[in-house]
Amino acid sequence: MTNVHHEDLGHGITMIDAQLYRLGQVSTYLVVQDDRAAFVETGTAHSVPGLLEVLDLKGIPRENVDYVIPTHVHLDHAGGAGEL
């Protein structure tokens with residue numbers, strides 16, 4: 001059982017709650033195709049352990065994450081980019 005809320009949306013996309021403010025307020029996304037992955041948005045540095053937890057739950061090695069894609073530079077969208 002995981003502590004981070006996440007939901008598979010289909011087509012290789014998983015929504016992951018950034019654990020910022022309140023549940024469902026800020027989300028990040030894991031996009032997987034074949035054995036490669038990308039994060040769209042990172043949440044804050046405090047969100048990163050949850051993102052890595054979802055990778056582990058899905059059996060995706062961290063070295064298979066090719067891209068970290070923040071849409072813009074606000075704390076809730078890119079604050080965890082350096083940590084990742």
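Here's what I pulled together on the structure shown here. (Residues numbered from 1 in each chain as written. Predicted model: local features only at pLDDT ≥ 70, side-chain atom pairs only at ≥ 80, totals over all residues. Heavy atoms only, no water.)

## Thoughts on the pairing of strand 1 (residues 6-10)
Within a regular strand, the side chains alternate between the two sheet faces. In the sheet, strand 1 pairs with strand 2 (residues 13-17) via 4 bridges, with the strands oriented antiparallel. Opposite His-6, over in strand 2, you have Ile-16 as the bridge partner. Linking two consecutive strands that pair antiparallel, namely strand 1 and strand 2, is a turn of 2 residues; a positive phi of about 55° is found at His-11 within it. (Pairing = 2+ DSSP bridges. Helix = DSSP H or I, 4+ residues; strand = E, 2+ residues; numbered from the N terminus.)

## Considering the side chain of Asp-17
Following the sequence through the fold, Asp-17 ends up in strand 2. Asp-17 has contacts with Val-4, His-5, Arg-22, Leu-23, Gly-24, Gln-25 and Val-26, leaving out every residue within four places of it along the chain. (Contact = heavy atoms within 4.5 Å.)

## Observations concerning helix 1 (residues 48-57)
Along helix 1, the residues classified as buried are Val-48, Gly-50, Leu-51, Leu-52, Val-54 and Leu-55. In the segment just after helix 1, Gly-59 is the residue with positive phi, at about 70°. (Buried < 20%, exposed > 50% of the residue type's maximum accessible area, 1.4 Å probe, protein only.)

## Let's talk about the sheet that holds strand 4 (residues 36-40)
With mixed pairing, the 5 strands of this open sheet are ordered in space as 1-2-3-4-5. Two strands in the sheet have a free side with no partner beyond their single neighbour: strand 1 and strand 5 (65-69). This sheet shows a mean twist of 20° between the axes of neighbouring strands, independent of strand direction. (Axes fitted to C-alpha atoms, helices over the stretch in contact; angles between N-to-C directions.)

## So, the nonpolar core
Counting residues in each nonpolar core, the largest one holds 11 residues, listed as Val-4, Ile-16, Leu-30, Ala-37, Phe-39, Val-48, Leu-51, Leu-52, Val-54, Leu-55 and Ile-60. Every element with two or more residues in this core is listed here: strand 4 and helix 1. The greatest single-element share of this core, amounting to 5 residues, is contributed by helix 1. (Core = buried A, V, L, I, M, F, W, Y, C linked by side-chain atoms within 4.5 Å.)

## Points about the pattern of salt bridges
The tally for this structure, following the rule as stated, stands at 3 salt bridges. With a shortest N-O distance of 2.8 Å, Asp-8 and Lys-58 are connected by a salt bridge. Separated by 50 residues along the polypeptide, Asp-8 in strand 1 and Lys-58 in the loop between helix 1 and strand 5 bring together distant segments of the chain. Given a relative accessible area of 33%, Lys-58 falls into the partly exposed group. One salt bridge in this structure joins Asp-66 and Arg-36, with 2.6 Å as the shortest N-O distance. Taken as a pair, Asp-66 in strand 5 and Arg-36 in strand 4 lie far apart in primary sequence, 30 residues in all. (Salt bridge = Lys/Arg side-chain N within 4 Å of Asp/Glu carboxyl O.)

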